[in-house]
Amino acid sequence: MPAGSVIQTVSLSSTTVTRLQTASSSYVATGISNSITPKFQNSKFDVRCFITGNTNQTNGNTEGFRMTFFRDIGGAGFSDVRSTSSGFGIGSLYNTYSRTHAPMLLEILDAPNTTSAVTYKLYVKTMGSAADVELPPTTEEHVEFIIQEIKQ
């Protein structure tokens, strides 16, 4: 197969997920993860997750959250894949007045350089202290988590 070809696709699709509610200002693991075992060591992965989030506050104070992917290679433990030194992550939702539900799409192109199993997990942290944030807002939200291995 030529470079740029999709080698394999691993998809997690669910409408019944465990909702995470947190007020933590440090990244916390959600129950949303997906794994892939690469066929080639130099492959890249297109990692995509669609989920709905909720700032969950109505008191007029600032609230929001940041999200990022953490990655585990071969059971060695999870580490942050894309956050900046300030912990900005891959995506965020922010509101200064009211409760906000919004769809979120996070996507990265990653190159873990391994043939061991790779697991990606969605993590979240709050940006304020007005309320607990929720991912997803209910236990019946649609969630997609897709990983594609791309030949180099």
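Here the structure is shown first, and the text comes after it.
These numbers come from a predicted model, not from an experiment. (Residues numbered from 1 in each chain as written. Predicted model: local features only at pLDDT ≥ 70, side-chain atom pairs only at ≥ 80, totals over all residues. Heavy atoms only, no water.)

(A) Structural detail: the packing of aromatic side chains. Per the counting criterion, the structure on display carries five aromatic pairs. Aromatic pair Phe-45 and Tyr-120: ring centres 6.4 Å apart, planes at 90°, arrangement edge-to-face. With Phe-45 in strand S4 (residues 44-54) and Tyr-120 in strand S9 (residues 118-126), this residue pair connects regions lying 75 residues apart in the sequence. In terms of burial, Phe-45 and Tyr-120 fall into one category: buried. An angle of 50° between the planes, with centres 6.5 Å apart, marks the rings of Phe-78 and Tyr-123 as tilted. Here Tyr-123 lies in strand S9 and Phe-78 lies in the loop between strand S5 (63-73) and strand S6 (79-80), a separation of 45 residues in the sequence. In this structure an aromatic cluster arises from ring pairing among Tyr-27, Phe-70, Phe-78 and Tyr-123. Over the face of the ring belonging to Phe-40 we find Lys-151, whose NZ or CZ atom lies 4.9 Å from the ring centre. (Phe/Tyr/Trp six-rings, centres within 6.5 Å; stacked < 30°, edge-to-face > 60°. Helix = DSSP H or I, 4+ residues; strand = E, 2+ residues; numbered from the N terminus. Buried < 20%, exposed > 50% of the residue type's maximum accessible area, 1.4 Å probe, protein only. Lys NZ or Arg CZ within 6 Å of the ring centre and 35° of its normal.)

(B) Structural context of the side chain of Asn-54. Looking at the secondary structure, you find Asn-54 in strand S4. Given the relative accessible area of 0%, Asn-54 is considered buried. Separated by 2.6 Å, the side chains of Asn-54 and Glu-134 make a polar contact. Ignoring sequence-local partners within four residues, the contact set of Asn-54 consists of Phe-65, Arg-99, Thr-100, His-101, Val-133, Glu-134 and Pro-137. (Polar contact = N/O pair within 3.5 Å; in protein donor to acceptor, adjacent residues only side chain to side chain. Contact = heavy atoms within 4.5 Å.)

(C) Molecular detail of the nonpolar core. By size, the foremost hydrophobic cluster in this structure holds 27 residues, and its most contacted members are Met-67 and Phe-69. Within the residue set of this core, elements represented by two or more residues are strand S3 (28-36), S4, S5, strand S8 (101-110), S9, strand S10 (133-135) and strand S11 (143-150). (Core = buried A, V, L, I, M, F, W, Y, C linked by side-chain atoms within 4.5 Å.)

(D) Inspection of the side chain of Ser-43 at higher detail. As for its placement among the helices and strands, Ser-43 is situated in the loop between S3 and S4. Exposure remark for Ser-43: the relative accessible area of 2% places this residue in the buried category. Within the structure, Ser-43 has its side chain in polar contact with the backbone oxygen of Phe-40 (distance 3.3 Å). A distance of 2.6 Å separates the side chain of Ser-43 from the side chain of Glu-149, its partner in a polar contact.

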